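# Working through the structure, step by step
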Amino acid sequence: MSQDRTYPRLEPWKVGVKGRCPRCGKGHLFSGFLAMREGCEVCGLDYSYADPADGPAFFVVCFACLPAVLFTVWLEVAFEPSFWVHIFVSLPVILLTCILPLRPLKGWLVASQFYHKAEEGRLVMRGDPRD
Ligand SMILES: [Zn+2]
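The notes below deal with the structure included here. The structure presented is a predicted model; accordingly, all values stated were derived computationally and were not measured. (Residues numbered from 1 in each chain as written. Predicted model: local features only at pLDDT ≥ 70, side-chain atom pairs only at ≥ 80, totals over all residues. Heavy atoms only, no water.)

### Quick notes on the packing of aromatic side chains
On inspection of all chains with the given rule, the structure shows eight aromatic pairs. Arranged with centres 5.4 Å apart and planes meeting at 90 degrees, the rings of W74 and F79 form a pair that is edge-to-face. On the accessibility criterion, W74 (48% relative accessible area) is partly exposed. The aromatic ring of Y115 is capped on one face by R9, whose charged end is 4.0 Å from the ring centroid. (Phe/Tyr/Trp six-rings, centres within 6.5 Å; stacked < 30°, edge-to-face > 60°. Buried < 20%, exposed > 50% of the residue type's maximum accessible area, 1.4 Å probe, protein only. Lys NZ or Arg CZ within 6 Å of the ring centre and 35° of its normal.)

### A look at helix 2 (residues 55-79)
Compared with the 36 Å implied by 1.5 Å per residue over 25 residues, the 35 Å span of helix 2 between its first and last C-alpha is a close match. Roughly 45 degrees is the biggest bend found in helix 2, and it falls at V61. Taken as a whole, helix 2 has its buried residues at G55, P56, V60, A64, C65, A68, T72 and L75. Lining the buried residues of helix 2 we find helix 3 (83-99) and helix 4 (102-115). Two residues or fewer after helix 2 comes E80, characterised by a positive phi angle close to 45 degrees. (Helix = DSSP H or I, 4+ residues; strand = E, 2+ residues; numbered from the N terminus. Expected span 1.5 Å × (residues − 1). Bend = angle between axes of the 7 residues up to and from the residue. Contact = heavy atoms within 4.5 Å.)

### What about the pattern of salt bridges?
What the rule picks out here adds up to one salt bridge. Of the charged contacts, one joins R37 and E41 as a salt bridge, the two residues approaching to 3.5 Å between their closest N and O atoms. (Salt bridge = Lys/Arg side-chain N within 4 Å of Asp/Glu carboxyl O.)

### Topic: the coordination of the zinc ion
Surrounding the zinc ion are the protein donor atoms C21 (SG), C24 (SG), C40 (SG) and C43 (SG), which sit 2.2 to 2.3 Å from the metal. We note that the donor set of the zinc ion lies within a single chain, spaced as C-x2-C-x15-C-x2-C. One end of the pair, C24, is in the loop between helix 1 (12-16) and helix 2; the other, C40, is in the loop between helix 1 and helix 2, with 16 residues separating them in the sequence. The two residues C24 and C40 agree in class, both being buried. (Donors = N, O, S within 2.8 Å, 3.2 Å for Na, K, Ca; no water.)

### Focus: helix 4
For helix 4, with 14 residues, the first-to-last C-alpha span of 20 Å sits near the 20 Å given by 1.5 Å per residue. Within helix 4, ten of the 14 residues are buried, which leaves it mostly tucked inside the rest of the structure. Every buried residue belonging to helix 4 is among L102, L105, K106, G107, L109, V110, A111, S112, Q113 and Y115, and all of these are buried. Of the surrounding elements, those touching the buried residues of helix 4 are helix 1, helix 2 and helix 3. A positive phi of about 55 degrees marks K117, the residue just after helix 4.

### A short note on the side chain of Q113
Counting through the fold element by element, Q113 comes out in helix 4. Among all residues touching Q113, those that are not within four sequence positions of it are Y49, A50, D51, P52 and A118.

### Describing the environment of P101
Considering the arrangement of structural elements, one finds P101 in the loop between helix 3 and helix 4. The exposure class of P101 is partly exposed, given its relative accessible area of 24%. When near neighbours in sequence (up to four residues on either side) are disregarded, P101 contacts V60, A64 and L96.

So, in structure tokens, the structure goes:
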């Protein structure tokens, strides 16, 4: 682990979407589909700062799931297809548009947190050494 060297500032969307470390761009962010690693195996960056909370789910619901559901409603209203059309078309469209974007969005949000040094707000008192 080489934490004393300097790293170039990497664009969050370039490394986050790929699930790479926001500091070095080489290590991995995830240990599972959405589970975060504890740190980068290449540069040693501690990922404990990462807290995207419901951010990825919010973006997926707004920009992917809602259009997919609207497509399904339009399909039903316009064509009144058989139940099986929804099983083989609507259900996969909804599942794919809701599940696949979660990981790249979570990676992008975590990398953005690192890039912008976003953290929980705190009161700064006069004489605080962290000020
Ligand atoms: Zn790294």
